[in-house]
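# Reading the structure
Residues per chain are reported as follows:
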Amino acid sequence: MTELKALIFDVDGTLADTERDGHRVAFNAAFSDAGLGWDWDAPLYGKLLAVTGGKERIRYYIDDFLKDFDWAGVIPEPENEDHRFEWIARLHKAKTAHYLDLLAKGTVPLRPGVETLLNQARAAGLVLAISTTTTPANVTSLLSATLGKDSLDWFAVIAAGDIVPAKKPAADIYTYALDKLGLAAEDCIAFEDSRNGFLSSAGAGLTTIITTNGYTANDDFSGAALVIDGFGTESQPFTVHSGDTGDSKILDLALIQKVFMASQAKT
Ligand code: XBP
Ligand code: MG
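Residues numbered from 1 in each chain as written. Chains lettered and ligands numbered in written order. Predicted model: local features only at pLDDT ≥ 70, side-chain atom pairs only at ≥ 80, totals over all residues. Heavy atoms only, no water.

### Quick word on the overall build of the protein chain
Within the protein chain, the regular secondary structure consists of nine helices and seven strands. What you see for the protein chain is a C-alpha radius of gyration of 19 Å, in line with the 18 Å of a compact globule of 267 residues. For the protein chain, the spread of C-alpha atoms along the three principal axes comes to 60 × 35 × 35 Å. Here the protein chain holds 267 residues, and the buried ones make up 49% of them. (Helix = DSSP H or I, 4+ residues; strand = E, 2+ residues; numbered from the N terminus. Rg over C-alpha atoms; globule rule 2.2 N^0.38 Å. Buried < 20%, exposed > 50% of the residue type's maximum accessible area, 1.4 Å probe, protein only.)

Laid out in structure tokens, this is it:
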């Protein structure tokens, strides 16, 4: 049986509830600046989360939700795929700038219990890493805004965004993180919030604990080691969707070790 060496965290929806009041708001601000008249309300955004990656999500919206989008109104050669991609990339860059502003203003806190768990893990000498689809600057800004600049050094690897061509649900970003860590999947445990994220971590062979949020509570997490609705704190204990948590009400290192060992015993 191997010993748990590293904790690998997803960011959006896992470390922080970023989507509805962070990314969505930033997308809408960029759309407004560009005079597009698009408004991604909270329920629509829930549907758009089917596709990970901001640029990919915009393309999905245009192709599947705005079937008659007039490309000729925004680029000179509307049939040119490279030009379409570049236009979306520019729009997404503007979205990222808005998102970074929101983070700098402290609009997006970490989820309750996250900071305590990170500190526990560091004190216990566990390696920490990040594996996310979002743009790298979004990760460093979220960590700096919530935990202070020094927290960037807490993470041995921050694997993010376009560093791999295939985003979640592909396993690539987790495989990349494991490779950079120089660890095997059996040495680590992943923390995710969504089905796409879980497919990615499980695809890389990682035991995964799911902490759901408003957008993902009804996702299919069959095969996950544990599914709870948050990390839990003394005043806000988690609720269990599936898995064995014994008497625990908080996702602390003792529970993580227990879940990790139970999953090792099954393999
Ligand atoms: C996160 C994403 C990202 C964010 C937006 O998924 O899909 O696209 O929604 O960030 P996960 P960007 O939590 O599974 O990594 O606009 O920077 O892509
Ligand atoms: Mg996520």
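Don't stop here, the text continues.
### Examining the pairing of strand 4 (residues 188-192)
When you tally the buried positions in strand 4, you get five out of five residues, the bulk of the element. Bridge count between strand 1 (residues 6-9) and strand 4: four bridges; the pairing is parallel. Bridged to Phe 9 within strand 4 is Phe 191. Sheet analysis places strand 4 next to strand 5 (residues 207-211), joined by four bridges and oriented parallel. (Pairing = 2+ DSSP bridges.)

### Section: the coordination of the magnesium ion (ligand 2)
Each donor-metal-donor angle would ideally measure 109.5 degrees in four-coordinate tetrahedral geometry, or 90 or 180 degrees in six-coordinate octahedral geometry. Surrounding the magnesium ion (ligand 2) are the protein donor atoms Asp 10 (OD), Asp 12 (O) and Asp 193 (OD), which sit 2.1 Å from the metal. Binding-site remark: the magnesium ion (ligand 2) is held by donors from one chain whose sequence spacing is D-x1-D-x180-D. You can see Asp 10 sitting in the loop between strand 1 and helix 1 (19-33) and its partner Asp 193 sitting in the loop between strand 4 and helix 8 (195-203), a full 183 residues away along the chain. In this structure, Asp 10 and Asp 193 share a single accessibility class: buried. (Donors = N, O, S within 2.8 Å, 3.2 Å for Na, K, Ca; no water.)

### Brief notes about the site of ligand 1
Gly 54, His 92, Lys 95, Thr 134 and Thr 135 are the nearest of the 18 residues found near ligand 1. Between ligand 1 and the protein, one listed contact pairs an oxygen atom with a side-chain N or O atom of His 92 at 2.7 Å. Contact between ligand 1 and Thr 134: an oxygen atom at 2.7 Å from a side-chain N or O atom of the residue. Look at ligand 1: alone it shows 450 Å² of surface, and the protein chains cover 97% of it. If you list the elements that add at least two residues to the shell around ligand 1, you get helix 1, helix 3 (54-65) and helix 4 (81-104). (Near = heavy atom within 4 Å. Polar contact = N/O pair within 3.5 Å; in protein donor to acceptor, adjacent residues only side chain to side chain. Areas by Shrake-Rupley, 256 points an atom, 1.4 Å probe, with all protein chains shown as cover.)

### Here we look at helix 8
Along helix 8, the positions that sit buried rather than exposed are Asn 196, Gly 197, Phe 198, Ser 200 and Ser 201. Among the structural elements, helix 7 (172-181), strand 4 and strand 5 are those in contact with the buried residues of helix 8. Following helix 8 by one or two positions, Gly 205 adopts a phi angle in the positive range, close to 90°. (Contact = heavy atoms within 4.5 Å.)

### Details of the domain arrangement of the protein chain
Segmenting the protein chain into domains produces domain 1 (6-17 + 109-266) and domain 2 (20-104). For domain 1 and domain 2, the distance between their C-alpha centres works out to 27 Å. If you look at the interface, domain 1 gives 14 residues, while domain 2 gives 18 residues. Buried surface at the junction of domain 1 and domain 2, both sides included, amounts to about 1,200 Å², of which 52% is carbon and sulfur. (Domains from an automatic or database assignment. Buried area = accessible area lost by both parts, 1.4 Å probe.)

### Focus on the pattern of salt bridges
Evaluation of the coordinates by the stated rule reveals twelve salt bridges. Notably, a salt bridge pairs Arg 195 with Asp 220, separated by 3.9 Å at the nearest N-O pair. Taken as a pair, Arg 195 in helix 8 and Asp 220 in the loop between strand 5 and strand 6 (226-228) lie far apart in primary sequence, 25 residues in all. A relative accessible area of 33% means that Arg 195 is categorised as partly exposed. (Salt bridge = Lys/Arg side-chain N within 4 Å of Asp/Glu carboxyl O.)

### Let's talk about the sheet that holds strand 6
Read across the open sheet, the seven strands follow the order 3-2-1-4-5-6-7; overall the sheet is mixed. Every other strand in the sheet has two partners, leaving strand 3 (155-160) and strand 7 (240-242) as the edge strands with one partner each. On average, each strand axis in the sheet is inclined to that of its neighbour by 20°, with strand direction left out of account. Contacting strand 2 (127-132) and strand 3, helix 6 (residues 136-147) runs over the sheet at an angle of about 140° to strand 3. (Axes fitted to C-alpha atoms, helices over the stretch in contact; angles between N-to-C directions.)

### Topic: the pairing of strand 5
Counting buried residues in strand 5 gives five out of five residues, a clear majority hidden from the surface. Residues Thr 207, Ile 209 and Thr 211 of strand 5 are buried on one face, and the alternating residues Thr 208 and Ile 210, pointing to the opposite face, are buried as well. One crossover worth recording links strand 4 to the parallel strand 5 by way of helix 8, and it is right-handed. (Right-handed = clockwise from strand over helix to strand, strands pointing away.)

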